Amino acid sequence: MVEAWIRSLIHVKHIKHLTLINYLCPFRPNTKPVTLDLPPNSFSHPYLKSLHLGRYHIKTSHAFNNCGNLMNLELTGILAEAGVFNAVLMSCPSLEVLVVVINCDKGRGLLKIENRNLKFLYLSCYKIDGIEVSTPNLDILSIGSLWCERENVVFENPRLQFHRNYWTTGKIYAHTSYCISCPDQEKKSIGHEFMMSRSQEFLSEFSSMSVSVDLANTKQVEMLHEVLAAWRGEMQELEVLFKKCNAPSAEVETSIGRTKKQFWEVKKPFSDVNFTAYTVWLSDFSGSKQEIAFASWFITQGMVIKTMLIKPSLSSSSKKLEIEGAVANLKELPKGHSELDIIMT
């Protein structure tokens, strides 16, 4: 019956989004997951773009054959062999959003994710030996929990190069790495849109984030503003890596109708954000006016509770005295939290 229903929805009614969650009776907690055994190419149809499967046991990848149509795939609470997971992901080369919350069946294994189109990736993997991820265009990597050794995890992504990550923060809480980008000033990135639409799941209390942003790009600053404004509860740790744009520094009008100078001096971004983090890292700090304004708001508005660590840019060694002076001035600002410690590393 379920097989016929799924086939009708996908291949007859041509739905674009399908969510199939197995209901687990709360009065039978030890019930084994239901095996989802569907014919080959069940999810292969040009109209189907988004698929979410939850709480199933999958024995084969046949249902995912030729699934180049899928753009979004969520596998939550799925039990399968590592080889089955790998075959499923290989059959979906067009994915832009991937959410993986899985348990490996019949022993452990190595999970492999290779995708040039992926923009958002969430991982929580249990009973697994290791993970290999090659996603050169990934904007957002969010890790909930990984039950494997650090040396068995390989991420190949030149865009997400941060000083802090899931392991440096102690594997105690979830960590998200986000390279903010907006090639089209009028549009937000696919990964950003997905994360914001599910902010209650991915921007949760007692987790941490590393984000790279160009403060001279007003659209990127607005996207960071959206993330911090949507964050639920207190963040454990925030790392902000300041990207440097090679564009001319002239005060030109942006596509959203205001100059960079007006944006920082009149709008004063982040001054209205109800956000707090216990620890804030400011990496590649060069002492620019935007960076000083950014740090000042965090200090004076009480957005950082315990410690602000400022890591100067290696390319700014000639400005060492200027940066030290800027940090000294930041230390003199009135603090939203009196116990706040400001350190230059």
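Before reading on, note that the structure itself is shown above.
Report follows, based on the coordinates. The shown structure was predicted, so the numbers you read here are calculated from the model rather than taken from an experiment. (Residues numbered from 1 in each chain as written. Predicted model: local features only at pLDDT ≥ 70, side-chain atom pairs only at ≥ 80, totals over all residues. Heavy atoms only, no water.)

This part takes up a nonpolar patch on the surface. Together, Met1, Val2 and Trp5 give the surface a local cluster of nonpolar side chains, amounting to about 390 Å² of exposed area. Structurally, tryptophan 5 can be placed in helix α1 (residues 2-12). A residue is classified by how much of its surface remains accessible, and tryptophan 5, at 44% relative accessible area, is partly exposed. (Patch = residues over 30% accessible without salt bridge, like charges linked within 9 Å, V, L, I, M, F, W, Y side chains within 5 Å. Areas by Shrake-Rupley, 256 points an atom, 1.4 Å probe, with all protein chains shown as cover. Salt bridge = Lys/Arg side-chain N within 4 Å of Asp/Glu carboxyl O. Helix = DSSP H or I, 4+ residues; strand = E, 2+ residues; numbered from the N terminus. Buried < 20%, exposed > 50% of the residue type's maximum accessible area, 1.4 Å probe, protein only.)

Turning our attention to the packing of aromatic side chains. Enumeration according to the criterion identifies twelve aromatic pairs in this entry. Geometrically, the ring pair formed by phenylalanine 120 and phenylalanine 202 is edge-to-face, given 5.1 Å between the ring centres and 65° between the ring planes. You can see phenylalanine 120 sitting in strand β8 (residues 120-126) and its partner phenylalanine 202 sitting in helix α4 (residues 199-202), a full 82 residues away along the chain. Accessibility assignment for this pair places phenylalanine 120 and phenylalanine 202 in one class, buried. Ring centres of phenylalanine 275 and phenylalanine 298 lie 6.3 Å apart, and the angle between their planes is 65°; on these two criteria the pair is classed as edge-to-face. With phenylalanine 275 in the loop between α6 (260-267) and β15 (277-285) and phenylalanine 298 in helix α7 (residues 289-300), the pair connects residues that are 23 residues apart, well separated along the chain. Comparing phenylalanine 275 with phenylalanine 298 shows no difference in burial state: the two are buried. Linked through ring pairs, Phe242, Phe275, Phe285, Phe294 and Phe298 together constitute an aromatic cluster. A cation sits over an aromatic face here: arginine 150 above tryptophan 167, 4.1 Å from the ring centre. (Phe/Tyr/Trp six-rings, centres within 6.5 Å; stacked < 30°, edge-to-face > 60°. Lys NZ or Arg CZ within 6 Å of the ring centre and 35° of its normal.)

The next point concerns the sheet that holds strand β7 (residues 110-114). Note on sheets: strands pair through backbone hydrogen bonds, and any given pair is parallel or antiparallel. With parallel pairing, the three strands of this open sheet are ordered in space as β7-β9-β11. Each of the sheet's edge strands pairs with one partner strand only, and the pair in question is β7 and β11 (153-156). Adjacent strand axes in the sheet meet at a mean angle of 5° when their direction is disregarded. Two elements, β7 and strand β9 (residues 130-134), share five bridges in a ladder whose sense is parallel. Bridge pairing in β9 links leucine 110 to glycine 130. (Pairing = 2+ DSSP bridges. Axes fitted to C-alpha atoms, helices over the stretch in contact; angles between N-to-C directions.)

Considering all chains together, one arrives at four salt bridges under this definition. Where aspartate 139 meets arginine 159, a salt bridge forms, and the shortest distance between an N and an O atom there is 2.3 Å. Here aspartate 139, found in the loop between β9 and β10 (140-146), pairs with arginine 159, found in the loop between β11 and β12 (175-179); they are 20 residues apart in sequence, far enough to count as distant. Among the residues examined, aspartate 139 registers a relative accessible area of 3% and is labelled buried. Judged by its relative accessible area of 29%, arginine 159 falls in the partly exposed class. The partner of glutamate 237 in a salt bridge is arginine 164, with the nearest N and O atoms 2.6 Å apart. One end of the pair, glutamate 237, is in strand β14 (residues 235-242); the other, arginine 164, is in the loop between β11 and β12, and 73 residues separate them in sequence. By relative accessible area, which is 8% here, glutamate 237 ends up buried.

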